[in-house]
Amino acid sequence: EYHYVEAGAYRDRANMPEVQAVAAAVVDFVEQYPHLSLGVVTLNQKQQELLIDEIDYLFARNPALEEYRTQKDETLEPFFIKNLENVQGDERDVIFISTVYGPTEPGGPVMQRFGPINSKNGHRRLNVLFTRAKERVVIFSSMKPSDIRDGRHRGVSILRNYLTYAQTQRLQTGAVTGREPDSDFEIFVADR
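Chains are numbered independently. Their residues run from 1 in the order of the written sequence. The predicted origin of the model limits local features to residues at a pLDDT of at least 70 and limits the giving and counting of side-chain atom pairs to 80 or more, whereas totals for whole chains, interfaces and linings rest on all residues. Heavy atoms throughout the structure, all of them, feed into the side-chain values; hydrogens and water do not.

Undergrad: With reference to specific residues and values, describe the overall build of the chain.
TA: Note on conventions: DSSP H or I runs of at least 4 residues are helices, E runs of at least 2 residues are strands, and numbering of each starts at the N terminus. Along the backbone of the chain there are 6 helices and 5 strands. Listing every helix and strand of the chain by position from the N terminus yields β-α-β-α-α-β-β-α-β-α-α. Taken over the C-alpha atoms alone, the chain extends approximately 60 × 40 × 25 Å along its principal axes. Categorising residues by exposure relies on relative accessible area from a 1.4 Å probe, with only protein chains included: less than 20% of the type maximum marks a residue as buried, more than 50% marks it as exposed, and the intermediate range marks it as partly exposed. Taking all 192 residues of the chain together, 43% fall into the buried category. Any two residues whose heavy atoms approach within 4.5 Å at even a single point are treated as in contact. Sequence-distant contacts in the chain: of pairs separated by 6 or more residues, those separated by 24 or more amount to 77%.

Right under this line is the structure:
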């Protein structure tokens, strides 16, 4: 799922409107789906810290929310808020992702600085991130896919393509190469 945070603004390595949108969605999720496990991942550490503070504040004011966290802490899938750098190996029923980056003012241009995603291995980090959910990924972003230009590294293109998929729910069609399928699996996928 893709949730556009229209009021989002990326300043000083954080996006408070996105923090508030994700925190509100966590509260709704816990109230509606207390039987499911949840993890929240941000694309940088500062956003993670702000989100932890916001969630702690909201949970402290609502015993039912704190009960969810306590119950999940006693399972193999406790509730977590992590950043892209330390989410590997964690899997939950549902994963919320805060992309963090966006315009400095709502509706403004998006600077093409995406932290570790701009690195040579940024695509690998995104692969880890996008495969953490067993049932559903929900993306909160102050960027639209069209705000992201192709970069020198694959990670930027993969982020744009994933946001496009989340927004449209359609996979991009492959290019016709004229080559024969390599396996029965490729034939099966092509038929579907």
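Undergrad: Could you give an account of the sheet that holds strand β4 (residues 92-98), naming the residues involved and the relevant values?
TA: A pair of strands is considered paired only if DSSP assigns at least 2 bridges between the two. If you walk across this open sheet you meet the 5 strands as β1-β5-β4-β2-β3, and the pairing is parallel. Of all the strands in the sheet, the pair left with one neighbour each is β1 (2-4) and β3 (80-83). Sheet twist, expressed as the average angle between the axes of neighbouring strands with direction ignored, equals 20 degrees. Relative to β3, strand β2 (residues 38-42) is paired through 4 bridges, and the arrangement is parallel. The partner of V40 across the bridge, within β3, is I81. An axis is simply a line fitted to the C-alpha atoms; with a helix, the fit covers only the stretch in contact. Between two such axes, the angle follows the N-to-C directions and lies from 0 to 180 degrees. Against the sheet, helix α1 (residues 16-32) engages β2, β4 and β5 (133-141), with an angle of about 160 degrees to β4.

Undergrad: Give me the lowdown on the layout of surface pockets, citing residues and values where you can.
TA: By volume, the second largest pocket is sized at about 200 Å³. We call Asp, Glu, Lys and Arg charged. Ala, Val, Leu, Ile, Met, Phe, Trp, Tyr, Cys and Pro are nonpolar, and the rest, Gly among them, are polar. Taken together, the residues of the lining of the second largest pocket sort by class into 4 nonpolar, 1 polar and 4 charged. Grid points spaced at 1 Å over the protein atoms alone were grouped into cavities, where a 1.4 Å probe fits but cannot get out, and pockets, open sets with protein on both sides within 12 Å along at least five of seven lines, with lining residues defined by an atom within 4 Å of a point. Grid points are joined across faces, edges and corners, and a volume is the space filled by probe spheres set on the points.

Undergrad: Which residues make up the packing of aromatic side chains, and what values go with them?
TA: Only Phe, Tyr and Trp rings are paired, with Trp represented by its six-membered ring, and only when their centres lie within 6.5 Å; those with planes under 30 degrees apart are stacked, over 60 edge-to-face, the remainder tilted. With the rule as written, the count across this model stands at 9 aromatic pairs. Ring geometry for F29 versus Y33: centroids 5.5 Å apart, planes at 40 degrees, classification tilted. With a centroid separation of 5.4 Å and 65 degrees between ring planes, the pair formed by F96 and F140 is classed as edge-to-face. On the criterion of sequence distance, the pair formed by F96 in strand β4 and F140 in strand β5 is long-range, its members being 44 residues apart. Summarising the burial analysis for this pair, F96 and F140 share the class buried.

Undergrad: Give me the lowdown on the environment of F140, citing residues and values where you can.
TA: For F140, a relative accessible area of 5% puts it in the buried group. For F140 and F96, which are 44 residues apart along the polypeptide, the C-alpha to C-alpha distance reads 7.4 Å.

Undergrad: Can you lay out the side chain of S141 for me, pointing to particular residues and giving the numbers?
TA: With respect to the helices and strands, S141 occurs in strand β5. Of note is the side chain of S141, whose polar atom sits 3.0 Å from the backbone nitrogen of M143. Ignoring any residue separated from it by four or fewer positions in sequence, one finds S141 in contact with Y2, H3, Y4, V5, E18, T99 and L163. Think of a polar contact as two N or O atoms within 3.5 Å of one another; within protein, one of them needs to be a possible hydrogen donor and the other a possible acceptor, and neighboring residues in sequence only count if both atoms come from side chains.

Undergrad: How would you explain a nonpolar patch on the surface if you had to name every residue and give the values?
TA: The patches reported here contain residues having more than 30% relative accessible area and no salt bridge. Joining distances are 9 Å for like charges and 5 Å for nonpolar side chains (Val, Leu, Ile, Met, Phe, Trp, Tyr). Methods summary: accessible areas were calculated by the Shrake-Rupley approach with a probe of 1.4 Å, and residue burial reflects only the protein chains presented. Note on definitions: salt bridges are taken to be side-chain nitrogens of Lys or Arg within 4 Å of carboxyl oxygens of Asp or Glu. Together, F185, F188 and V189 make up an exposed nonpolar region whose accessible area comes to about 320 Å². In this fold, F188 is placed in helix α6 (residues 184-191). Residue classification places F188 among the partly exposed positions, given a relative accessible area of 42%.

Undergrad: I'd like to hear about the side chain of R132, residue by residue, with values.
TA: Mapping R132 onto the fold places it in the loop between α4 (122-130) and β5. Polar contacts involving the side chain of R132 include one to the main-chain carbonyl oxygen of V128, which spans 2.7 Å. Apart from residues lying up to four places away in sequence, R132 is in contact with V87, Q88, G89, D90, E91, R92 and I95.

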